[in-house]
Amino acid sequence: MGQSGEIVLVGCGNMGFALLEGWVARFGIAADRIHVVEPVEALRRRATAAGAAAYADASDLPQALQPRAVIVAVKPQVIGSMLATYRRFSATAAFVSIAAGVPIATFEATLGAVPIVRAMPNMPASIGMGVIAAFANAHTGNVQMAYVSDLLAAVGNVHWLPEEQLINAATAISGSGPAYLFHFIECLTEAGVAVGLPVETAHALAKQTVDGASTLASASVFSPTELRQQVTSPNGTTAAALEVLMAEPSLAALVRGAAAAAHHRALELAVVG
């Protein structure tokens, strides 16, 4: 990725710190080129321990600082009160928001016609295996998009969307999706106990089965449908199970309904925000 340019990271909670760690550990960015603004002392100490320069307030940032990117990783409700303090970086920086539900228009209203990227990482980003849906405004050039892609790729795979409103659709799939999988592991564990397995064994088998199957799906040249067909022998145990899962109300219908509910709620929250 290279080490050109400095970064301002606004907020160093779980996702902000995951980014910080990813930049340093996976992309070789010198930690002292990262400036963290974090009012919570314990989180600020954590950033300092990682090698970054940390400040309690934006007013403490060096006056001569000209960052290449400003990453906004704070709660949505504080965006309005803090955004104007970073306007002085608009001449050099691309602004990247991972604040859920806050539209780019909110940033443009304060910052003006500057490069702004709205991104939505999901929970596995905390271990560098996230999915990040992103949208860039019209003022973001190709070079800036490539740079932001590199920054976000520190915590997972980046997928650029053609329309900002699709962020809400991505929320229903990749944003909320980990919870769907966690619940499936819960259900598979309970099913294992129900057929006689000790709870610890059922839990281990459920977690490792989901982990192995998802890794295989990612690595295989075969589609998920083809992989399912390969493991399903005619009149076998898997076929018997799939008859239940595919009967109405099918698992597919339940997942579509769940995603639709998440999408609807994301739209409601965006309107409120």
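Residues numbered from 1 in each chain as written. Predicted model: local features only at pLDDT ≥ 70, side-chain atom pairs only at ≥ 80, totals over all residues. Heavy atoms only, no water.

Student: Is there a simple way to explain the side chain of Arg118 in this structure?
Tutor: Structurally, the position occupied by Arg118 is in strand S6 (residues 116-121). For Arg118, the side chain forms a polar contact with the side chain of Glu164, separated by 3.0 Å. (Helix = DSSP H or I, 4+ residues; strand = E, 2+ residues; numbered from the N terminus. Polar contact = N/O pair within 3.5 Å; in protein donor to acceptor, adjacent residues only side chain to side chain.)

Student: How should the sheet that holds strand S1 (residues 7-10) be read in this particular structure?
Tutor: As a general point, the strands of a sheet are linked pairwise by backbone hydrogen bonds and lie either parallel or antiparallel. Spatially, the 8 strands line up as an open sheet ordered S3-S2-S1-S4-S5-S6-S7-S8, and their pairing is mixed. Bordering the open sheet on either side are strand S3 (53-55) and strand S8 (156-160), each of which pairs with just one other strand. Ignoring which end each strand starts from, the neighbouring axes of this sheet average 20° apart. Pairing between S1 and strand S4 (residues 69-72): 4 bridges, direction parallel. The partner of Val10 across the bridge, within S4, is Val72. Of the strands in this sheet, S4, strand S5 (94-97), S6 and strand S7 (130-136) touch helix H4 (residues 104-111), which is tilted by about 145° from S6. Its contacts with the sheet put helix H6 (residues 166-175) on S6 and S7, and the angle it makes with S6 is roughly 25°. (Pairing = 2+ DSSP bridges. Axes fitted to C-alpha atoms, helices over the stretch in contact; angles between N-to-C directions. Contact = heavy atoms within 4.5 Å.)

Student: What is the right way to read helix H7 (residues 177-194) from this model?
Tutor: Residues that lie three or four places apart on an α-helix share one face, since the helix turns once every 3.6 residues. In a regular helix each residue adds 1.5 Å, so 18 residues correspond to 26 Å; H7 covers 26 Å between its end C-alpha atoms and thus fits that length. The set of residues buried in H7 consists of Gly177, Pro178, Ile185, Thr189 and Gly192. End-on, the buried residues of H7 take up no more than an arc of 130°, which puts them together on one face. The exposed set on the far side of H7, more than 90 degrees from its buried face, consists of Glu190 and Ala194. As for H7, its buried residues are in contact with H6 and helix H8 (199-219). Positive phi appears at Gly196, one or two residues downstream of H7, with a value of about 115°. (Expected span 1.5 Å × (residues − 1). Buried < 20%, exposed > 50% of the residue type's maximum accessible area, 1.4 Å probe, protein only. Arc of directions from axis to C-beta.)

Student: Explain the pairing of S5 here, please?
Tutor: Where a strand is regular, its side chains alternate between the two sheet faces. Side chains Ala94 and Val96 of S5 all project onto a buried face; the interleaved residues Phe95 and Ser97 project onto the opposite face, where all are buried too. In this structure, S4 lies alongside S5, joined through 4 bridges in parallel fashion. Within S5, the position partnered with Val72 by the bridge is Ser97. Relative to S6, S5 is paired through 3 bridges, and the arrangement is parallel. Bridging from a neighbouring strand, Val96 pairs with Val117 of S6. One crossover worth recording links S5 to the parallel S6 by way of H4, and it is right-handed. (Right-handed = clockwise from strand over helix to strand, strands pointing away.)

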